[in-house]
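Residue-level listing of the chains:
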Amino acid sequence: MKDQIKSDLKRHRYNFRHLASEMGVDYSHLTLVLNGKRPMSYATAVTLRDALNKLTTNTYHLTDFGY
């Protein structure tokens, strides 16, 4: 999933720092979650979905993040 997100962001000239800013979270926290070093809470999944749908033309769903 991380690689797909990275690719989608790159197509729109965004990166994980832009995504973290849009989500209102620290970049380091986002990378820990995306690398599986921290569990993804439901609230984080909702925020991630909303930010990705705003920044990219893809439509992400909570099921993409295990919810």
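Coordinates for the structure precede this section.
Residues numbered from 1 in each chain as written. Predicted model: local features only at pLDDT ≥ 70, side-chain atom pairs only at ≥ 80, totals over all residues. Heavy atoms only, no water.

Enquirer: When you look at the pattern of salt bridges in this model, what are you seeing that I'm missing?
Expert: Pairing between side chains becomes possible if they bear opposite charge and their charged atoms approach one another. The tally for this structure, following the rule as stated, stands at three salt bridges. Between Asp8 and Arg11 there is a salt bridge whose closest N-O contact spans 2.2 Å. Note that Asp8 and Arg11 are positioned in helix H1 (residues 2-11) at a spacing of three residues, about one turn of the helix. Take Asp8: its relative accessible area is 2%, and that puts it in the buried class. Among the ionic pairs, Lys54 bridges to Glu22, the shortest N-O distance being 3.1 Å. With Lys54 in helix H4 (residues 42-55) and Glu22 in helix H2 (residues 16-23), this residue pair connects regions lying 32 residues apart in the sequence. Given the relative accessible area of 59%, Lys54 is considered exposed. What makes Glu22 partly exposed here is its relative accessible area of 33%. (Salt bridge = Lys/Arg side-chain N within 4 Å of Asp/Glu carboxyl O. Helix = DSSP H or I, 4+ residues; strand = E, 2+ residues; numbered from the N terminus. Buried < 20%, exposed > 50% of the residue type's maximum accessible area, 1.4 Å probe, protein only.)

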